[in-house]
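Remarks on the overall topology
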Amino acid sequence: MTDRKPGDICAESNGCRSDSLIRLSEFRTLWAALAQSVLGDQLARVALSLLVFERTESAGWTAATYALTSLPALLSGVLLTGLADRFPRRTVMIGCDLVRAVLVGLMALPGTPLPLLAGLLVLAQLAEAPFGASQGALMPAVLGERLYERGQRVVMITHQSGQLVGFAVGGVLVVWLGSHVSLGLNAVTFLISAVLIRVGVKARPVDAGADARPKRMHTQVRSAAALIWSDPRLRSLVALGWLAGFIVLPEGLAAPFAEEAGASAASVGLLLAAHPTGMVLGAALLGRASVGDERRRQLLGPLAVGANLPLLVYWAGPGVGVALLVLLVSGICSAYQITAGATFVLLTPADQRGQALGLARSGLTAMQGIGVAAGGLAAQLSGSSALTIGGAGLVGTLCAIMVAVSWARARQTGAGTIPLRA
């Protein structure tokens, strides 16, 4: 590896070339670890769902088990992401991978009782938040300020594409390999990730200033929350992210909407795939060299409105074809989340990035869960999924307009520029 920093590469080329990320071996390593882990996680989700349904023949238990693949991260996002600020982030990532490899490996053993399986799943998912916080907080050091957002865009595209591929072929692979072998493969992906990170990522000490920070968990959480609340830019960026609570509702109501529209069950998969496909397309469009960093930050508010506004079309009772187009447009605009997230991280002091990022992501998970749950209840009471999604689009648009105004005011700090912190 060379001793040059990522920023030096950009300086030499006088404006980061498209192949700059490929030159960075640490980023290549992190990307490879992520890509194979995402595919393994999707395979494991399908395997768990089929395994639980085979044993219980209960849709309720199957849905509850699927929920356990994401809900524990809400708790660990608040309580455990501070580990990314207390200890070297590479060490935290490797530790989380090894813990998950062991726990998922135990889940893969044939005959594991369902209560034990659920307990192991919860413990494994608790390690997701500190891993993600460490990875997100480490990226600015790996990529530098100039390349950071571009790297996050690549990460998002990889994650979304991995989910699409995983869901598309996961069922076939699980049927072919069996649930236990599929879970075993997921455990192997965690081991591979740990090895890649250990070999390919540079060891870095805890960020300067961390020793002066209180070590108690509740104090650390309170300090990060106070940081976000005291800075109008961070508050606005978090609110922009949490708007996903409205945008995610069509995903939660895809099956009942397809039934109301008189479409086949196969259309549910298309409805679920439309929004992430749009996000991948939107990320590519926003990532063009002609769209500068400052311009992307200016577009955060309008794009947040654009992500919610198309959902109003659902009030007209559209068919599946029109709904797919609506979700695609909403997904394209939703790519603003990449810029919002990258700006949030770079605005946060380096020694508090892990905890602050964990709080923001936990809030996002909570908002998405609340949005889907509230939408399901509203659809049950109203008897119409389409009207419920349209209503969410209206409320989401109004909220997005308010947040957009707040962000436009906040970003004027420093004569209209965003002073990023090291």
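Basis of the calculations
- Residues numbered from 1 in each chain as written.
- Predicted model: local features only at pLDDT ≥ 70, side-chain atom pairs only at ≥ 80, totals over all residues.
- Heavy atoms only, no water.
- Helix = DSSP H or I, 4+ residues; strand = E, 2+ residues; numbered from the N terminus.
- Buried < 20%, exposed > 50% of the residue type's maximum accessible area, 1.4 Å probe, protein only.
- Contact = heavy atoms within 4.5 Å.
- Areas by Shrake-Rupley, 256 points an atom, 1.4 Å probe, with all protein chains shown as cover.
- Axes fitted to C-alpha atoms, helices over the stretch in contact; angles between N-to-C directions.
- Parallel < 35°, antiparallel > 145°, perpendicular 65-115°, else oblique.
- Left-handed = near helix turned anticlockwise from the far one by under 90°.
- Nonpolar A, V, L, I, M, F, W, Y, C, P; charged D, E, K, R; others polar.
- Salt bridge = Lys/Arg side-chain N within 4 Å of Asp/Glu carboxyl O.
- Expected span 1.5 Å × (residues − 1).
- 1 Å grid on protein atoms, 1.4 Å probe; cavity = no way out; pocket = protein on both sides within 12 Å on 5 of 7 lines; lining within 4 Å.
- Points joined across faces, edges and corners; volume = space filled by probe spheres on them.
- Core = buried A, V, L, I, M, F, W, Y, C linked by side-chain atoms within 4.5 Å.

Some words on the overall build of the chain
When helices and strands are counted, the chain shows 22 helices and zero strands. Counting only residues that meet the buried cut, the chain has 50% of its 422 residues in that class. At a minimum sequence separation of 6, the contacts of the chain that also span at least 24 residues come to 84%. Of the roughly 18,700 Å² of accessible surface on the chain, 68% is carried by carbon and sulfur atoms.

Quick word on the packing of helix α12 (residues 232-242) against helix α20 (residues 336-347)
Contact geometry of α12 with α20 gives a least axis separation of 9 Å together with a crossing angle of 150 degrees. Put simply, α12 runs roughly antiparallel to α20. Once α12 is placed against α20, the crossing between them reads as left-handed. Contacts from R233, L234, L237, V238, L240 and G241 in α12 reach Y336, Q337, A340, T343, F344 and L347 in α20. In terms of residue class, the contact of α12 with α20 is made up of eight nonpolar, three polar and one charged.

Thoughts on the pattern of salt bridges
Within the structure shown, the criterion is met by nine salt bridges. Close ionic contact of R100 with E128 constitutes a salt bridge, the shortest N to O distance being 2.6 Å. With R100 in helix α7 (residues 89-107) and E128 in helix α9 (residues 128-177), the pair connects residues that are 28 residues apart, well separated along the chain. Residue E128 is classed as partly exposed on the basis of its relative accessible area, which comes to 31%. The salt bridge involving R297 is made with E294; its shortest N-O contact spans 3.5 Å.

Re α7
Helix length check: α7 (19 residues) gives 27 Å between terminal C-alpha atoms against 27 Å at 1.5 Å per residue, within 8%. Among all positions of α7, only R89, R90, V92, M93, I94, C96, D97, R100, A101, L103, V104 and M107 are buried.

Thoughts on the packing of helix α3 (residues 25-56) against helix α8 (residues 114-126)
Put simply, α3 and α8 touch, their axes get as near as 12 Å, and they point 160 degrees apart. Taken together, the axis directions place α3 and α8 in an arrangement best described as roughly antiparallel. Judged by the sense of rotation from one axis to the other, the crossing of α3 with α8 is left-handed. Contact residues: α3 offers L48, L51, V52, R55 and T56, while α8 offers L114, L117 and L121. The class makeup of the residues in the contact of α3 with α8 is six nonpolar, one polar and one charged.

What about the side chain of T339?
Take T339: it is sitting in helix α20. Here T339 falls in the buried class, since its relative accessible area comes to 2%. Look past the residues within four positions of T339 in its chain and what remains in contact with it is E149, R153, R296, R297 and L300.

Considering empty space enclosed by the protein
Applying the stated rule across the entire model yields one cavity of 30 Å³ or more. Taken as a whole, the largest cavity encloses approximately 30 Å³ of empty space. Every residue lining the largest cavity is listed: E145, R146, E149, D293, R297 and L346. Only α9 and α17 (293-298) provide two or more residues apiece to the lining of the largest cavity. Considering each element in turn, the lining of the largest cavity owes the most residues, three residues, to α9.

Details of the nonpolar core
Counting residues in each nonpolar core, the largest one holds 55 residues, and the members touching the most others are F27, L143, I197, L237, L240, Y336 and F344. Here the element with the most residues in this core is α9; it accounts for eight residues. Ignoring sequence-local partners within four residues, the contact set of L237 consists of L300, A340, T343, F344, L347 and W407.

Quick look at the side chain of Q152
On the secondary structure map, Q152 appears in helix α9. Not counting chain neighbours up to four residues away, the residues in contact with Q152 comprise M139, I338 and A342.

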